[in-house]
Amino acid sequence: MSVLGCGIIGDDKIKDGRKQRWDAVERIWLAADESGKMVQQYQSPVRVYKYPFELVMAAYERRFPTCPQIPVFLGSEILHEFKSDDGAIHVKERRCKLNVDAPYILKKIAGVEVVYFIQKNSLDRRERTLKIEAHNESFASRVIVKENCLYSVHPENSEWTCFEQCASLDVKNFFGFESTVEKIAMKQYSQNIKKGKEIIEFFINDLRSNGVTYVPPWTPPKPVSPIEAKPSKKEPEPQASATVLSSPSSCDSITSSSSYHSANTAAQTPVSPTVPDIPELPPDIRIASEDKLDADYIERFLGHLTPIQESYLIQLRKWIAESHKGQESDENSEDKNVDEDSDSEGDPPLVPKDSHILRFLRARDFNLEEARKMLCNSLAWRKQHQVDLILDTWKPPTPLVDYFAGGWHYYDREGRPLFILRLGQMDVKGLLKACGEEAILRHILSVNEEGLRRCEEATKARGYPISTWTCVVDLEGLSMRHLWRPGVKALLRFIEVVEANYPETMGRLLIVRAPRVFPVLWTLVSPFIDENTRKKFLIYGGNDYLESGGLADYIDPEYIPHFLGGTCHCTMPEGGLVPKSLYQLLDNLSMNDGLPSLCQETIYQLSSVIKGAPHEVLVNIDDKDSVLTWDFDVLKGDVVFTVLRSRRPLTVPKDPPGAVGGPLNVQLLDKSMTVGVDVSVVETPLVCHEGESIQGSHVARYPGPYVLQWKFHNAPVSSSLPQAVKATLPDVFTHHKCKVMYYHEVLASDDFRGSMTSLQSSQSGFSSLSVGTTSSAQSNSSQSANSSCPSR
């Protein structure tokens, strides 16, 4: 691409010695044009020069006809020039010669050492704008390079100058070296963009060294009266001030005396007899002020970005804004009563913040199309579930408030918000049963939303961009009880949601006091964590976190929690076992407040078992020797649990007849079915009492439909007891409805060994399943060998 405009663009804050990332240059955004060709595009942020427009124009003109500060710019010649009578309009068209840093073999194949570009500068002193159009003259049939730039007065400070630029590269064909040409062009382009600020500063300092510190704006010439127009003796012209240029065409007077111009350039320059058309800016330049990004703002609030990365951010930001405008227009056309200029109070923000957009670009290594897809899906998800309002509307249930052992805790040494999670002290299974996946996931989302808010506050307070937070995970107390399959399944779902919607938010994750069982957990969850995130994990076993390279290297000692050897007291909950009295009941299942569910299905199901109406669950087993596993809690009443195999196909009815217990009471076995003929009992009926947790498994000798059945248990009550005594008996003796919370899963026999030893809950108090569970998978000699003794 050309350096005609970009040579003076500049990146205000790019530091000397920083190299442009070649891989980022290669991933330039590809947009398909009408012919199906791929076009690379670049859009710059708004560069602000804190000098008046006229002084910047004077500095700009001093870089012609050649500029040693840009080695690839070998020189230029003026093809056409026009000046209006009042001096307000000045148009120049130049032919510029550039040297391209290309491989020798490519130059030999192309047969050229230099390339030529045509540049048209249209200066309007009345409006204080300079519009630049440039395109390639060399290889125009094979490669199309277009560049459009605009200099204008800052809308909020008339003493500052703004610069905007867009460019495109379309390599149609180039002797089979199309990809190489694209890489060379973008590399050259990126390398020269950062020189702009240096060049402007150089020539402004050059002007100052010559005594020029101010160039007055253009003013219309005074009308000349007939008397004043009469010939008179020539009087000596007044000398202009050494610090002020007062000529209407002062920029030209400067450049004509510059040592960079040849003495006879003006004499050889043809002057166009008519006023040329001032070029219209392309859509990429003519954008609304609210869609623009300032380079200083990017450096202050977003951090250092390469020019190409800045371009991706602006393009993605603009695409989102335009997409929203299109959707808003469609909605307003359907509803004439909608006010186009107002949004209802309390609505979530329409366009995400720039820091949030940038996270998605970083998550996809600045592949713009991949980032756009990821962000588009996330925005739709946020709107569907009203995540933008979650900090104002979400009220966590009591078990999460009292037993979720995690919370925000000051900041780390780099100013990142710090979150402490005592995972080893949490009864994860108890929380799942007490609140459900939906509530826990919403709580996790609220933690992430609070993290975003704290990052914004830290950025404002610290004076530099902070877009991530640090998390310390304390694993003391972690054991196999945390690794039971339903819990790991829920954890993977949570990770999937967070990775898809909160990318690049984890600055560092410090795992301390990791026990020996941790590698098992890490093996299960690490494949679901983004590679960039995994690189931020630091793991400490035992008391290693107290030594050099431990917590003190990342957190000030005064902020290290007391339970990790520090002196700072944390007010977050300490975790502990969730009482079974808090396990969710039938009326507590719906916690979405009318919003679509975040979880398509829940791990633990709640059922009602009514006298005369058992609850039955159909499990179809396809392969012989598969292992049917179950885990349930009896929340109310006593039940009889049985596992049966049906010799006839079974289906789950939409409205099961006789399901008087409601939608969570399903009956599959017809009363006409005979045990021993139509169905067989594969697990001996087991009486389970209120408050018990039951886990078990069965190795299926035959494929087909199996049924998990819970029946109401009629507790014997002596008829001779007085009525007053009966009134004091527990509900199980006087009510005819029980409640059970259950989970089941079918595992392949090869995956079963050891996989269910973690089914026990921290609430159940059992260390493992019986040995018969493992041995049963290896023996099919009898039916009893295929079942395991349920643990309580």
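Source: prediction; values computed, not measured. (Residues numbered from 1 in each chain as written. Predicted model: local features only at pLDDT ≥ 70, side-chain atom pairs only at ≥ 80, totals over all residues. Heavy atoms only, no water.)

1. A few points about the sheet that holds strand E11 (residues 417–421)
Put simply, the test is: Strands pair, by our definition, only if DSSP identifies at least two bridges between them. Under the DSSP-based scheme used, a helix requires at least four consecutive residues in state H or I and a strand at least two consecutive residues in state E, with every element numbered from the N terminus. What counts as an axis is a line fitted to C-alpha atoms, over the stretch in contact for a helix, and the angles between N-to-C directions run from 0 to 180 degrees. Should any heavy atoms of two residues lie within 4.5 Å, those residues are considered in contact.
Across the sheet, 5 strands lie side by side as E10-E11-E12-E13-E14; this open sheet has mixed pairing. The open sheet terminates on both sides in strands that have one partner only, identified here as strand E10 (406–411) and strand E14 (537–541). Strand-to-strand twist of the sheet, defined as the mean angle between neighbouring strand axes without regard to direction, takes the value 20 degrees. When E10 meets E11, the two strands line up antiparallel, connected through 4 bridges. Paired with Gly406 across the strands is Leu421, a residue of E11. Against the sheet, helix H14 (residues 428–462) engages E10, E11 and strand E12 (469–474), with an angle of about 5 degrees to E10.

2. Overview of empty space enclosed by the protein
The cut-off we apply is this: Space inside and on the surface of the protein is sampled on a 1 Å grid over the protein atoms alone, with a cavity defined as a set of points where a 1.4 Å probe fits but cannot get out and a pocket as an open set with protein on both sides within 12 Å along at least 5 of 7 lines; lining residues have an atom within 4 Å of a point. Grid points are joined across faces, edges and corners, and a volume is the space filled by probe spheres set on the points.
Applying the stated rule across the entire model yields 4 cavities of 30 Å³ or more. In this structure, the largest cavity spans a volume of roughly 460 Å³. As for the largest cavity, its lining consists of 25 residues, and the residues nearest its centre are Val100, Val115, Phe139, Val181 and Ile184. At the level of secondary structure, the elements contributing two or more residues to the lining of the largest cavity comprise strand E5 (89–99), helix H3 (104–110), strand E6 (114–124), strand E8 (143–153) and helix H4 (178–193). Top element by residues in the lining of the largest cavity is H4. It accounts for 4 residues.

3. Some words on the pairing of E8
Residues in a regular strand point their side chains to alternate faces of the sheet. Rules: Relative accessibility thresholds used throughout: buried, under 20% of the residue-type maximum; exposed, over 50%; partly exposed, between the two (1.4 Å probe, protein chains only).
Burial of E8 is extensive: 8 of the 11 residues sit out of reach of the surface. Alignment of strand E7 (residues 129–136) against E8, held across 6 bridges, turns out to be antiparallel. Bridging across to E8, Ile132 finds its partner in Cys149. By the bridge criterion, 11 bridges tie E8 to strand E9 (residues 161–171) in an arrangement that is antiparallel. Considered in E9, the bridge of Ile144 is made with Asp170.

4. Some points on the pairing of strand E13 (residues 506–514)
Taking burial as the measure, the 9 residues of E13 include 9 buried ones, the bulk of the element. With 4 bridges joining them, E13 and E14 adopt parallel strand pairing. Looking at E14, one finds that Leu509 is bridged to Phe537.

5. Remarks on the confidence of the model for the protein
Keep this limit in mind: pLDDT gives the predictor's per-residue confidence on a scale running from 0 to 100.
For the protein, the average pLDDT comes to 77, and 73% of its residues sit at 70 or higher. Model confidence for the protein, summarised as mean pLDDT per element, is weakest for helix H21 (residues 771–776) at 32 and strongest for E11 at 97. In the model, residues 234–242 has pLDDT below 50 throughout and makes 3 contacts with residues more than four positions away in sequence or in other chains. Within the model, the stretch residues 754–792 combines pLDDT values under 50 with 95 contacts to residues more than four positions away or in other chains.

6. Remarks on the pattern of salt bridges
Just so we agree on the cut-off: Salt-bridge detection follows one rule: a side-chain nitrogen of Lys or Arg within 4 Å of a carboxyl oxygen of Asp or Glu.
Here the structure, examined in full by the defined rule, presents 32 salt bridges. Between Arg454 and Glu450 there is a salt bridge, with its nearest N and O atoms 2.9 Å apart. Residue Arg454 and its partner Glu450 are both found in helix H14; the two are separated by 4 residues, about one turn of the helix. The network of salt bridges with shared partners includes Asp412, Glu414, Arg416 and Arg508.

7. Regarding the side chain of Gln43
The test is simple: Pairs of N or O atoms within 3.5 Å make up the polar contacts considered here, provided that, within protein, one atom can donate a hydrogen while the other can accept it, and that residues adjacent in sequence are counted only when both atoms are side-chain atoms.
For Gln43, the location among the structural elements is in strand E2 (residues 38–43). Exposure remark for Gln43: the relative accessible area of 5% places this residue in the buried category. A polar contact of 3.1 Å, which involves the side chain of Gln43, links it to the backbone oxygen of Gln165.

8. Here we look at the sheet that holds strand E15 (residues 605–610)
In space, the 4 strands of this open sheet follow the order E15-E22-E17-E20, with antiparallel pairing throughout. For this open sheet the edge positions go to E15 and strand E20 (693–699), each flanked by a neighbour on one side alone. Strand-to-strand twist in this sheet, taken as the mean axis angle between neighbours without regard to direction, amounts to 30 degrees. Here strand E17 (residues 627–636) pairs with strand E22 (residues 737–747) via 9 bridges, running antiparallel. Across the sheet, residue Val627 finds its bridge partner in E22, namely Leu747.

9. What about helix H8 (residues 295–302)?
Applied cut-off: Directions are taken from the helix axis to each C-beta atom, and the arc is the one they span.
What H8 keeps buried is the set Ala295, Ile298 and Leu302. Angularly, the buried residues of H8 cover 75 degrees about the axis, an arc narrow enough to put them on a single face. The backbone nitrogen of Asp296 has a side-chain oxygen 2.7 Å away, supplied by the residue at the start of H8, namely Asp294.

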